[in-house]
Amino acid sequence: MGALDWMAWTTPTALFFCGIGVALLVLTIWELRSPTVPRTGFLPIETTRGDRFFISLLSAAFLHILIVGLTDLPVWWMSVACILSTLVIMRWG
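Residues numbered from 1 in each chain as written. Predicted model: local features only at pLDDT ≥ 70, side-chain atom pairs only at ≥ 80, totals over all residues. Heavy atoms only, no water.

## Quick word on the overall build of the protein
Then, in step 1: The helix and strand inventory of the protein stands at 3 helices and 0 strands.
Then, in step 2: If you list the helices and strands of the protein from N to C, you get α-α-α.
Then, in step 3: Against the globule reference of 12 Å for 93 residues, the protein gives a C-alpha radius of gyration of 16 Å, more extended than a compact globule.
Then, in step 4: Projected onto its principal axes, the C-alpha coordinates of the protein cover approximately 45 × 35 × 15 Å.
Then, in step 5: Sequence separation of 24 or more characterises 45% of the internal contacts of the protein that already satisfy a separation of 6 or more.
Then, in step 6: Per element, the accessible surface of the protein, about 7,000 Å² overall, is 76% carbon and sulfur.
Then, in step 7: Distance from the positive charge centre (5 side chains) to the negative charge centre (5 side chains) of the protein: 16 Å. (Helix = DSSP H or I, 4+ residues; strand = E, 2+ residues; numbered from the N terminus. Rg over C-alpha atoms; globule rule 2.2 N^0.38 Å. Contact = heavy atoms within 4.5 Å. Areas by Shrake-Rupley, 256 points an atom, 1.4 Å probe, with all protein chains shown as cover. Lys, Arg positive; Asp, Glu negative; His and termini not counted. Charge placed at Lys NZ, Arg CZ, Asp CG, Glu CD.)

Below you can see the structure in the form of structure tokens.
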């Protein structure tokens, strides 16, 4: 019995959630070393790094649902687009 069998995860699913866990760990270390200053970018609200990361995760989830539900395109296209949008939101959001 493998470590992930209790939840019947596929390897891509496990990698996805491990990636989010690593990202949260990196954000925590970054916050401890350099506390964030709330700012306003192109998003219409004042946000911190954590806020922008959360908004990026929500956006990625909804965009993936849209591409799976409305098109026959491969999901990895949207994954690449979401990585790029996360970089934009984190930098200028």
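The rest of the description comes next.
## Description of the side chain of Thr 47
Then, in step 1: The residue Thr 47 is located in the loop between α1 (11–33) and α2 (49–70) in this model.
Then, in step 2: Take Thr 47: its relative accessible area is 1%, and that puts it in the buried class.
Then, in step 3: A polar atom in the side chain of Thr 47 sits 3.1 Å from the side chain of Arg 52.
Then, in step 4: If near-sequence neighbours (up to four positions away) are discounted, Thr 47 is found in contact with Val 37, Pro 38, Arg 39, Arg 52, Ile 55 and Gly 93. (Buried < 20%, exposed > 50% of the residue type's maximum accessible area, 1.4 Å probe, protein only. Polar contact = N/O pair within 3.5 Å; in protein donor to acceptor, adjacent residues only side chain to side chain.)

## With respect to the environment of Gly 93
Then, in step 1: Its location among the elements puts Gly 93 in the segment after α3 (75–92).
Then, in step 2: With relative accessibility at 0%, the residue Gly 93 sits in the buried group.
Then, in step 3: A C-alpha to C-alpha distance of 4.6 Å links Gly 93 and Gly 41, two positions 52 residues apart in sequence.

## Here we look at the confidence of the model for the protein
Then, in step 1: Averaged over every residue, the pLDDT of the protein is 88; the share at 70 or more is 95%.
Then, in step 2: Mean pLDDT in the protein bottoms out at α1, which sits at 90, and peaks at α2, which reaches 92. (pLDDT = per-residue confidence, 0-100.)

## Concerning the packing of α1 against α2
Then, in step 1: It is the contact of α1 with α2, at a shortest axis distance of 11 Å, that shows an interaxial angle of 165 degrees. Considering their axes alone, α1 and α2 lie roughly antiparallel with respect to each other. α2 is crossed by α1, and the crossing has right-handed handedness. Contacts from Ile 20, Ala 23, Leu 24, Leu 27, Trp 30 and Glu 31 of α1 reach α2 at Arg 49, Phe 53 and Leu 57.
Then, in step 2: Considering only residue class, the contact of α1 with α2 consists of 7 nonpolar, no polar and 2 charged. (Axes fitted to C-alpha atoms, helices over the stretch in contact; angles between N-to-C directions. Parallel < 35°, antiparallel > 145°, perpendicular 65-115°, else oblique. Left-handed = near helix turned anticlockwise from the far one by under 90°. Nonpolar A, V, L, I, M, F, W, Y, C, P; charged D, E, K, R; others polar.)

## Concerning α2
For an α-helix, 3.6 residues make a turn, and residues three or four places apart therefore share a direction.
Then, in step 1: For α2, built from 22 residues, the straight-helix expectation of 32 Å at 1.5 Å per residue is met to within 8% by its first-to-last C-alpha distance of 31 Å.
Then, in step 2: Among the residues making up α2, those that are buried are Arg 49, Arg 52, Phe 53, Ser 56, Ala 60, His 64 and Ile 67. End-on, the buried residues of α2 take up no more than an arc of 105 degrees, which puts them together on one face. In α2, the exposed positions that point more than 90 degrees away from the buried face belong to Phe 54, Phe 62, Ile 65, Gly 69 and Leu 70. (Expected span 1.5 Å × (residues − 1). Arc of directions from axis to C-beta.)

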